[in-house]
Amino acid sequence: MGMDCRLVLREAGEQLVIETARGVRIGAGEPTVIAGPCSVEDPDMIRETAVFIRRLLVDELGLRNVIIRGGAWKPRTSPYSFQGHGVKALEWLREAGDAAGLPIATEVMDPRDVAIAAEYVDVLWVGARNMQNTPLLRELAKIGKPVLLKRHFGTTINEWLCAAEYLLAGGNEQVALVERGTRGFNEYARFSLDITVIPAVQEISRLPILVDVSHPAGRRSLVPPLAAAALAAGADGVMIEVHPRPDKALSDAKQQLSFDLFAETMRQLRRRGLL
Ligand code: PEP
Ligand code: MN
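What comes next is a walk through the structure.

Cut-offs and rules
Residues numbered from 1 in each chain as written. Chains lettered and ligands numbered in written order. Predicted model: local features only at pLDDT ≥ 70, side-chain atom pairs only at ≥ 80, totals over all residues. Heavy atoms only, no water. Pairing = 2+ DSSP bridges. Helix = DSSP H or I, 4+ residues; strand = E, 2+ residues; numbered from the N terminus. Axes fitted to C-alpha atoms, helices over the stretch in contact; angles between N-to-C directions. Contact = heavy atoms within 4.5 Å. Expected span 1.5 Å × (residues − 1). Buried < 20%, exposed > 50% of the residue type's maximum accessible area, 1.4 Å probe, protein only. Near = heavy atom within 4 Å. Polar contact = N/O pair within 3.5 Å; in protein donor to acceptor, adjacent residues only side chain to side chain. Areas by Shrake-Rupley, 256 points an atom, 1.4 Å probe, with all protein chains shown as cover. Nonpolar A, V, L, I, M, F, W, Y, C, P; charged D, E, K, R; others polar. Salt bridge = Lys/Arg side-chain N within 4 Å of Asp/Glu carboxyl O. Donors = N, O, S within 2.8 Å, 3.2 Å for Na, K, Ca; no water. Phe/Tyr/Trp six-rings, centres within 6.5 Å; stacked < 30°, edge-to-face > 60°. Core = buried A, V, L, I, M, F, W, Y, C linked by side-chain atoms within 4.5 Å.

**Thoughts on the sheet that holds strand β8 (residues 175-179)**
If you walk around this closed barrel you meet the 8 strands as β3-β4-β5-β6-β7-β8-β9-β10, and the pairing is parallel. Geometrically, the sheet is characterised by an average inter-axis angle of 25 degrees between neighbouring strands, direction not taken into account. Running at roughly 155 degrees to β8, helix α5 (residues 157-169) makes contact with β7 (147-150), β8 and β9 (209-212) of the sheet. Against the sheet, helix α8 (residues 223-232) makes contact with β9 and β10 (237-241), and its axis sits at roughly 165 degrees relative to β10, the strand it touches most.

**Focus on α5**
Compared with an ideal rise of 1.5 Å per residue, which puts 13 residues at 18 Å, α5 spans 18 Å between its outermost C-alpha atoms and is within 8% of the ideal. Counting buried positions over the 13 residues of α5 gives 10, a clear majority of the element. All of the buried residues along α5 are Ile157, Asn158, Trp160, Leu161, Cys162, Ala163, Ala164, Glu165, Leu167 and Leu168. At its buried positions, α5 is contacted by α4 (134-140), β7, β8, α6 (197-204) and β9.

**Considering the site of ligand 1**
Among the 13 residues in the neighbourhood of ligand 1, the closest are listed as Arg69, Ala128, Arg129, Lys150 and Arg180. Between ligand 1 and Lys74, the relevant distance is 2.9 Å, taken from an oxygen atom to a side-chain nitrogen or oxygen of the residue. Between an oxygen atom of ligand 1 and a main-chain N or O atom of Ala128, the distance comes to 2.8 Å. Here ligand 1 loses 96% of its free accessible area of 300 Å² to cover by the protein chains. Of the residues in the shell around ligand 1, the class split is 4 nonpolar, 2 polar and 7 charged.

**A look at the side chain of Thr106**
For Thr106, the position within the fold is in strand β5 (residues 104-107). Reaching out from Thr106, the side chain makes a polar contact with the backbone oxygen of Gly70 at a distance of 2.6 Å.

**Thoughts on the pattern of salt bridges**
Taken as a whole and judged by the stated rule, the model has 19 salt bridges. Between Arg47 and Asp44 there is a salt bridge, with its nearest N and O atoms 3.5 Å apart. Taken together, the residues Arg47 and Asp44, both in helix α1 (residues 43-60) and 3 residues apart, mark about one turn of the helix. We note a salt bridge from Glu95 to Arg47, for which the minimum N-O separation is 3.7 Å. Here Arg47 lies in helix α1 and Glu95 lies in helix α2 (residues 87-100), a separation of 48 residues in the sequence. A relative accessible area of 42% means that Glu95 is categorised as partly exposed. Given a relative accessible area of 31%, Arg47 falls into the partly exposed group. Put simply, Arg22, Arg94, Asp98 and Asp122 are held in one network by salt bridges that share partners.

**Overview of the pairing of strand β3 (residues 32-36)**
Each regular strand shows side chains that alternate between the opposite faces of the sheet. Among the 5 residues in β3, 5 count as buried, and that is most of the element. A two-sided burial pattern is seen for β3, the buried positions comprising Thr32, Ile34 and Gly36 on one face and Val33 and Ala35 on the other. As paired strands, β3 and strand β4 (residues 65-69) are joined by 4 bridges and run parallel to one another. From the neighbouring strand, Thr32 faces β4, where its bridge partner is Asn65.

**Considering the coordination of the manganese ion (ligand 2)**
Tetrahedral coordination by four donors places them ideally at 109.5 degrees to one another around the metal; octahedral coordination by six donors ideally gives 90 or 180 degrees. For the manganese ion (ligand 2), every protein donor is listed as Cys38 (SG), His215 (NE2), Glu241 (OE) and Asp252 (OD), and the spread of their distances is 2.0 to 2.4 Å. If you list the donors of the manganese ion (ligand 2) from N- to C-terminus, the spacing comes out as C-x176-H-x25-E-x10-D. Remark: Asp252 occurs in the loop between β10 and α9 (259-271) and His215 occurs in helix α7 (residues 214-217); sequence separation between them is 37 residues.

**Here's the deal with the packing of aromatic side chains**
As enumerated under the stated definition, the model contains 3 aromatic pairs in all. Considering the side-chain rings of Phe52 and Phe259, the 4.0 Å spacing of their centres and the 0 degrees angle between planes classify their relative orientation as stacked. A residue pair is termed long-range when its members are at least 10 positions apart, and Phe52 in helix α1 and Phe259 in helix α9 qualify at 207 residues. In this pair, the class of Phe52 matches that of Phe259, namely buried.

**What to know about the environment of Leu63**
The topology assignment puts Leu63 in the loop between α1 and β4. For the pair Leu63 and Glu30, spaced 33 residues apart in sequence, the C-alpha separation works out to 8.3 Å.

**With respect to the nonpolar core**
Core analysis: the largest hydrophobic core is formed by 81 residues, its most contacted members being Leu57, Leu140 and Phe262. It is α5 that provides the largest number of residues to this core, a total of 8 residues.

**Overview of the pairing of β10**
In terms of burial, β10 is a largely internal element, 5 of the 5 residues being buried. Side chains Gly237, Met239 and Glu241 of β10 all project onto a buried face; the interleaved residues Val238 and Ile240 project onto the opposite face, where all are buried too. Bridging between β3 and β10 involves 5 bridges; their strand directions are parallel. Looking across to β10, one finds that Ile34 is bridged to Met239.

Here's what the structure looks like:
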């Protein structure tokens, strides 16, 4: 398989391990869980969620690699939908991460927001819709913080790895890939989760690969089995949306897990030896 990239390929060097704040790692063997609400809606809901995740995953289940997620700038289909609280949300997310004692992650869409986002958060991610936003990738290549690159829902592995190449070629080797589903024929779910890319990327590339199991699902009942499938297929971790009152969420209300369902899902993954 001819690939138009170099530094991301297996032959280019050692398997990459992402090191972030508080000793949390991605791709080091033990799975990473990135959990939190779709959007940071207010200071209380993000703090409540972060502390809940900390107690469950770190204190109860003993996981080492846990990161809190929350969107500050939201890529929405409609301009009339909630667009995120921007820099205020970064402050609330930072406070919540500190209260929970965990690193935090957020999406950045605009190259002009990269510097401010990197001041507040430990891990930045590129959303599916911006996978090939090369000015954004070039900015992110210059920061000394880990970047997660989500796969666009209509792109090939080569296009995805080439987008990651912009980050490495620009000087940032702290990069992990995130599969989040592609457009398919399963209209019951939101996207089709491409499990195939997990072993494929592991054969071709030296980048860790995570799976966002919430966005392909689109409805919460589908999330727990997708998480099990991703981990069973060898993913380096999962990203999952969880919200204290999912039905009232300002974005992705149908797919976010309640605290109860999230706890049940995580405990079951542990019992099955997947976490
Ligand atoms: C998200 O993680 O909130 C998100 C918008 O995901 P994606 O870019 O994969 O659609
Ligand atoms: Mn979402």
